[in-house]
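Working through the structure, step by step
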Amino acid sequence: AWAIQRTHIDHAQGTNPQPFDLLLHQVHAFSGWTILGLVSVRILLRCFWGAPALPETLPPWQRKTATINHALLYGVLIALPVTGTAAMYLTQAAVPVHQTLVYFGIGLVALHIAAVVMHGLSKDSVVRRMIPRRLTLGDEKSDHRGSSE
């Protein structure tokens, strides 16, 4: 973030940014565009093949929270590269929105990690359904994708 800020300040002052700052700025931008592409592919895959069903044993509030958190995560992962690109090429007015989305996204990821830990400790099938079958060992009988446990 500091390299990007220094690059913008140097440009505004009419001076040349440091080459390493420019490199970090470009790596940041290309990373964002790569994430946008990967998230787009992930959303398309979910549209065509769907997501694994949540276990029937989950309370309704956890099902609703999971649905909302996933939707918000996808939204933030799309909005971040869009607002970052807007800030980089169109207007600096997008910078505060981009920065707010960063903090909001960090909060969503923290909530997501907390849910993974909670479900891992409770030993329900939520965490197991995320792991591809070929990566699980010695648990051939369980339904890794599903709603039975």
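These lines cover the structure that appears in this document, whether it is placed above or below. Predicted model, so just to flag it, every value in this text is computed and none were measured. (Residues numbered from 1 in each chain as written. Predicted model: local features only at pLDDT ≥ 70, side-chain atom pairs only at ≥ 80, totals over all residues. Heavy atoms only, no water.)

**With respect to the packing of helix α1 (residues 2-13) against helix α2 (residues 19-49)**
Remark: α1 packs on α2, axes separated minimally by 8 Å, with the N-to-C direction vectors making an angle of 115 degrees. Considering how the two elements wind past one another, α1 and α2 form a crossing that is left-handed. Within the contact between the two elements, α1 uses A3, I4, R6, T7, H8 and H11 and α2 uses D21, L22, L24, H25 and H28. Class assignment of the residues belonging to the contact of α1 with α2 gives a composition of 4 nonpolar, 5 polar and 2 charged. (Axes fitted to C-alpha atoms, helices over the stretch in contact; angles between N-to-C directions. Helix = DSSP H or I, 4+ residues; strand = E, 2+ residues; numbered from the N terminus. Left-handed = near helix turned anticlockwise from the far one by under 90°. Contact = heavy atoms within 4.5 Å. Nonpolar A, V, L, I, M, F, W, Y, C, P; charged D, E, K, R; others polar.)

**Remarks on the pattern of salt bridges**
Taken as a whole and assessed by the stated rule, the structure comprises 1 salt bridge. The partner of R6 in a salt bridge is D21, with the nearest N and O atoms 2.7 Å apart. One end of the pair, R6, is in helix α1; the other, D21, is in helix α2, and 15 residues separate them in sequence. Judged by its relative accessible area of 39%, R6 falls in the partly exposed class. D21 sits in the buried class, given a relative accessible area of 4%. (Salt bridge = Lys/Arg side-chain N within 4 Å of Asp/Glu carboxyl O. Buried < 20%, exposed > 50% of the residue type's maximum accessible area, 1.4 Å probe, protein only.)

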